[in-house]
Amino acid sequence: MTTTVTEQEEPQEPEETPAAAQSEVLRWAHPGGDSDEIPEHINLGAMRRRLPRLVRTSFALAWQVDRRRTALLMFCQLASGLLSALGLFVTTKALQSVIAAASQPSRLHQALPSVIVLAAAAGVRALLGIVIQAQSQRLSPRMQREVGHRLLAAGTRTEMATYDRPGFADSYDQAERGVDQAQMAIGQTQNLVSSTATLVSAAVVVGTLYPLLLPLLALAAVPQIATSLRAERVTYVANVATFRDRRVLYLLRWYMVAKDQADQIRTDTLVPFLLGQYRAAGERVDRTTDKAVSQRARITLTGALASGGASAVLWAALWLLLDTGRISTAVAGTAVFALRSAFGGLQGIVGFGSDLLRTGFYLDDAERFVEQAQREQIGAVRGTIKPERPHCIELKDVTFRYPGSEKATLHGINFTVRRGEVVAVVGENGSGKTTLMKLLCGLNLPTTGNVTWDGTPLQELDADAVWRLCSIVPQEFARWPLTARDNITLGQPRPDGDDAVHRAAEASGADDVIATLRSGLDTLLAREMWGGVALSSGQWQRLAVARADHRDAALMVMDEPTSDLDARAEHRIFTGLRALAADRAIVLVTHNLTNTAVADRIVCIERGRIVQQGTYRALTTEPGLFRDLWQLQQDRHFGAASS
Ligand SMILES: Nc1ncnc2c1ncn2[C@@H]1O[C@H](COP(=O)(O)OP(=O)(O)OP(=O)(O)O)[C@@H](O)[C@H]1O
């Protein structure tokens, strides 16, 4: 499929064929395909119960971010509702007496006090409205920030294994929408409450005038409310169904313009292929959306017909009551006014209620993510013992299987690393070296067996205290859009400040990089994001090594720390390793086997098992995996040199 695209003389976007639609490539984020399953919490009964709960949740969230403003908002809202009810009562009273009065002057005379009360109530309500709006606008961004904060606090405190749980990334992305939507919640809630107040006060007036009209009013209201619930449900279900495809669209938009891939996108002539994926995912979204829109239109039409019918019955009943003399013209006129107010309130409930329901779905997604993340929190399965700088880190009969994987990645691992030692871990790609590194510093906990720090299993230690004693140079190290200094200190300066930064930079060769920067350590390294200087990969790697050194950790784990470095920089790091190991244990992963000569011991892993351990001298002479791999590298070097 891909070759047919790129082999064309004039590259064009590929047509999506039925076979292509089934392919795994097109369904990047669709391992299980589309799901028509409706989440449990979206049944209609649950949705009906949701609105009052959402109102409570929204006020509770607002209360949490700013009690004073929320109290003021609630007070103003209550006062405004009461004034609105008062206005309605006064108006209906005035209307009744105006219609019933015999002459023009007496009408005006009777209506005057009511008009004065109404004008005053309207003025105060207008003032309250301004206060309500101002408080709501102040609370909105704070509520959004609070939801975002909860998400980040929970998401960054989960065990690493959580990332491997199927659906984790999806649920995080979905929760992210909750952050976007949180700012709408208070405005929608406040409008819903205000509409409800209007409906209730109008209903009370209607009920007082002629109680029989009340059930008829309810009859007109029910279809509208039920319809809006069903319509919102259809929209949300469509959103859930298209979520993964929308994520593909977002990722493609990001990947296709990101600078990191820009060169390959061009030289690999990838654009037609990727645009094809973009279009295919977009069309899948369109199909589901179109279906939902039609369904929504049908539901709305049915609701409108039912509600129109019920309203007709209501107006006909009113006419009949008037016609048969059961109610006076004054009561009928007032009832018309009250019913119109009631319908206004009902419209508000339907509109703002739908909006709040939608917002609530996304807030619930965020809440579900936070609850799930809290269940998987780091502290949940670990102890609280604070470790000292360890003398000895030991793996005893360790097996490790990634969540969701059928097979274990590491089996029966036993080895020890002591303070002052440099241990090299080698092996072919995928043999389990990085996995082992993560176990050593407690990023993952073993499935069976134990990793102990001075005899205490990592499960019993306080994770943060362990990590304060670790420094790590991962294969994919972070390139923080910060200054050079912050990239080394990570916001955790040592007591001797920049002296420590310069020492670490010198050991890794980052000092040469810093010397070329226009503002030295103060130079911002965020060229692609918001300005500053762009570094090369090797220059970044020097900073990453300096960062690990600066932490003054008891365990330093380096996974291919010199993969991007030139020979001089690599030499500097390896000759400095011994000095670095003076007061710490260093575990080093490298594919360059001659570099392991610096290590006190080499651990050789094959398919998740340790197959050899020993010194460089011993392993280069005894038969085994290490010597085989080492020999291949030697042959290549010497072969190239002698040819
Ligand atoms: N998050 C994960 N979930 C499931 N399996 C994983 C995960 N990470 C790694 N693996 C699997 O574990 C095995 C070991 O991976 P690991 O990254 O530890 O290998 P490695 O020896 O460091 O490889 P390399 O030399 O290529 O860096 C691989 O088969 C890989 O597919």
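Located above this text is the structure these notes cover.
A short tour of the structure in this document, coming up. The structure presented is a predicted model; accordingly, all values stated were derived computationally and were not measured. (Residues numbered from 1 in each chain as written. Predicted model: local features only at pLDDT ≥ 70, side-chain atom pairs only at ≥ 80, totals over all residues. Heavy atoms only, no water.)

### A short note on helix H11 (residues 433–440)
Then step 1. Where burial is concerned, most of H11 is hidden: six out of the eight residues are buried.
Then step 2. Of the residues making up H11, those classed as buried are Lys433, Thr435, Leu436, Met437, Leu439 and Leu440.
Then step 3. Just downstream of H11 lies Gly442, where phi reads positive at about 75 degrees. (Buried < 20%, exposed > 50% of the residue type's maximum accessible area, 1.4 Å probe, protein only. Helix = DSSP H or I, 4+ residues; strand = E, 2+ residues; numbered from the N terminus.)

### Comments concerning the layout of surface pockets
Using a probe with the size of a water molecule, rolled over the atoms, empty space left in the structure can be pinpointed.
Then step 1. In this structure, the largest pocket occupies an estimated 1100 Å³ of space.
Then step 2. Looking at the lining of the largest pocket, the elements that each hand over two or more residues are H11, helix H12 (463–468), strand E6 (470–473), helix H16 (537–550) and strand E9 (555–559).
Then step 3. For the lining of the largest pocket, a count of residues per class yields 19 nonpolar, seven polar and nine charged.
Then step 4. There is about 800 Å³ of room inside the second largest pocket.
Then step 5. Lining the second largest pocket are 23 residues, and of these Trp254, Asp260, Arg479, Glu528 and Met529 sit closest to its centre.
Then step 6. Listing elements by their share of the lining of the second largest pocket, those giving two or more residues are helix H7 (213–257), helix H8 (259–267), strand E7 (525–526) and H16.
Then step 7. At four residues, the largest contribution of residues to the lining of the second largest pocket is made by H8.
Then step 8. Tallied by class, residues from the lining of the second largest pocket come to 14 nonpolar, three polar and six charged.
Then step 9. Shared between two domains, the lining of the second largest pocket holds at least three residues of each, these being domain 1 (60–378) and domain 3 (478–551). (1 Å grid on protein atoms, 1.4 Å probe; cavity = no way out; pocket = protein on both sides within 12 Å on 5 of 7 lines; lining within 4 Å. Points joined across faces, edges and corners; volume = space filled by probe spheres on them. Nonpolar A, V, L, I, M, F, W, Y, C, P; charged D, E, K, R; others polar. Domains from an automatic or database assignment.)

### As for the environment of Gln541
Then step 1. Within the secondary structure layout, Gln541 lies in helix H16.
Then step 2. Relative accessible area serves as the criterion here: at 0%, Gln541 is assigned to the buried category.
Then step 3. Linking Gln541 and Pro457, residues 84 residues apart in sequence, is a C-alpha distance of 32 Å.
Then step 4. Once residues lying within four places of it in the same chain are set aside, the contact partners of Gln541 are Phe477, Glu560, Pro561, Thr562, Ser563, Asp564 and Leu565.
Then step 5. Looking at Gln541, its side chain comes within polar contact range of the main-chain oxygen of Glu560, at 3.1 Å.
Then step 6. At 2.6 Å, the side chain of Gln541 and the backbone nitrogen of Asp564 are in polar contact. (Contact = heavy atoms within 4.5 Å. Polar contact = N/O pair within 3.5 Å; in protein donor to acceptor, adjacent residues only side chain to side chain.)

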